[in-house]
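# Observations on chain architecture
So the chains spell out like this:
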Amino acid sequence: KNLHVKNANFLAIGQNNYSYVGGIAGVCYGSSIKNCSVVNSSLESKRNNNNNCAGSIVGYSTGGTFTNCYVANCTVISETDDSQGTSFSGGFAGEITDSTLTIQNCYVYQATLSTVGNAVPQGTGVFAGNLWGGSTIADTNCYYGACGITENAGTAGEKTEEEFRNGTVPGLLGE
């Protein structure tokens, strides 16, 4: 609660089969994250084999609720050279498994999301890089803009850069 990360450079190189990186937490199991932000930061999961997940807020999440959180001007990269590995990058979470990502009054703005290497599968998404095992996104009053992609955004509304700058989005979120 109330954690704000700014100008950070996080790199996870993993241990055993996993490499998870997030600005607030590497792994989230049914946690409640409130009033947190990650701004002007770089987050990278880099491993030569399996399970690379990078997210601006959390790398890997099973369940969890995010309320009044935002991401702005972040670069999120997941990288593996192993063709049997996985690489996922998301504006909030790299991967969501067997549950619902619940987000309320949140936004992702100017997130550069990418995967590098030969991993299969790999993916990027506005709020989640991968929704595994029937996972879903349940969003209420959430927005995104200037991300270059629209995948895994749930029902969040896409807003223009001008709407983020001129106060429209903060007004919709109640400042």
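Everything here concerns the structure above.
What comes next concerns the included structure. Keep in mind it's a predicted model, so treat the numbers as computed, not measured.

Criteria and cut-off values
Residues numbered from 1 in each chain as written. Predicted model: local features only at pLDDT ≥ 70, side-chain atom pairs only at ≥ 80, totals over all residues. Heavy atoms only, no water. Pairing = 2+ DSSP bridges. Helix = DSSP H or I, 4+ residues; strand = E, 2+ residues; numbered from the N terminus. Axes fitted to C-alpha atoms, helices over the stretch in contact; angles between N-to-C directions. Contact = heavy atoms within 4.5 Å. Core = buried A, V, L, I, M, F, W, Y, C linked by side-chain atoms within 4.5 Å. Buried < 20%, exposed > 50% of the residue type's maximum accessible area, 1.4 Å probe, protein only. Phe/Tyr/Trp six-rings, centres within 6.5 Å; stacked < 30°, edge-to-face > 60°. Polar contact = N/O pair within 3.5 Å; in protein donor to acceptor, adjacent residues only side chain to side chain.

### Considerations on the sheet that holds strand β16 (residues 122–125)
Within the open sheet, the four strands sit side by side as β3-β8-β12-β16. Their pairing is parallel. For this open sheet the edge positions go to β3 (19–22) and β16, each flanked by a neighbour on one side alone. Each strand of the sheet is rotated relative to its neighbour by a mean of 5°, with strand direction disregarded. As paired strands, strand β12 (residues 87–90) and β16 are joined by four bridges and run parallel to one another. When the sheet's bridge partners are listed, serine 87 is paired in β16 with glutamine 122.

### Focus on the side chain of asparagine 51
Mapped onto the elements of the fold, asparagine 51 is located in the loop between β7 (42–46) and β8 (52–55). The contacts of asparagine 51, once residues within four sequence positions are left out, are Asn17, Tyr18, Ser19, Tyr20 and Thr86.

### Section: the nonpolar core
If you look at the biggest cluster of nonpolar residues, it comprises 37 residues, and the most contacted ones within it are Phe66, Phe92, Ile103, Val108 and Phe127. At the level of elements, β4 (25–29), β11 (70–80), β13 (93–97), β14 (100–104) and β15 (107–117) are the ones that each hand at least two residues to this core. Residues Tyr109, Tyr143, Phe164 and Val169 belong to the second largest nonpolar core, which totals six residues.

### Some words on the packing of aromatic side chains
Counted by the stated rule, this structure contains eight aromatic pairs. Between tyrosine 18 and tyrosine 20, the aromatic rings sit 5.7 Å apart at their centres with planes inclined by 45°, giving tilted as the arrangement. For tyrosine 18, a relative accessible area of 44% translates into the label partly exposed. Both rings, one in tyrosine 70 and one in tyrosine 107, keep their centres 5.0 Å apart while their planes meet at 15°; by these two values the pair is stacked. You can see tyrosine 70 sitting in strand β11 and its partner tyrosine 107 sitting in strand β15, a full 37 residues away along the chain.

### A short note on the side chain of asparagine 130
In this structure, asparagine 130 sits in strand β17 (residues 128–132). Within the structure, the side chain of asparagine 130 is placed 2.8 Å from the side chain of glutamate 95, a separation counted as a polar contact. If sequence neighbours within four positions are ignored, asparagine 130 has contacts with Phe88, Gly94, Glu95, Ile96 and Asn152.

### Section: the sheet that holds β17
Strands pair in a sheet through their backbones, by hydrogen bonds, and they do so in one of two ways: parallel or antiparallel. On the basis of which strands lie adjacent, the open sheet formed by four strands has the order β4-β9-β13-β17 and parallel pairing. The open sheet terminates on both sides in strands that have one partner only, identified here as β4 and β17. When strand polarity is set aside, the average angle formed by the axes of neighbouring strands in this sheet is 10°. Note that strand β9 (residues 58–62) and β13 share three bridges and pair parallel. Within the sheet, the bridge partner assigned to serine 61 lies in β13 and is isoleucine 96.

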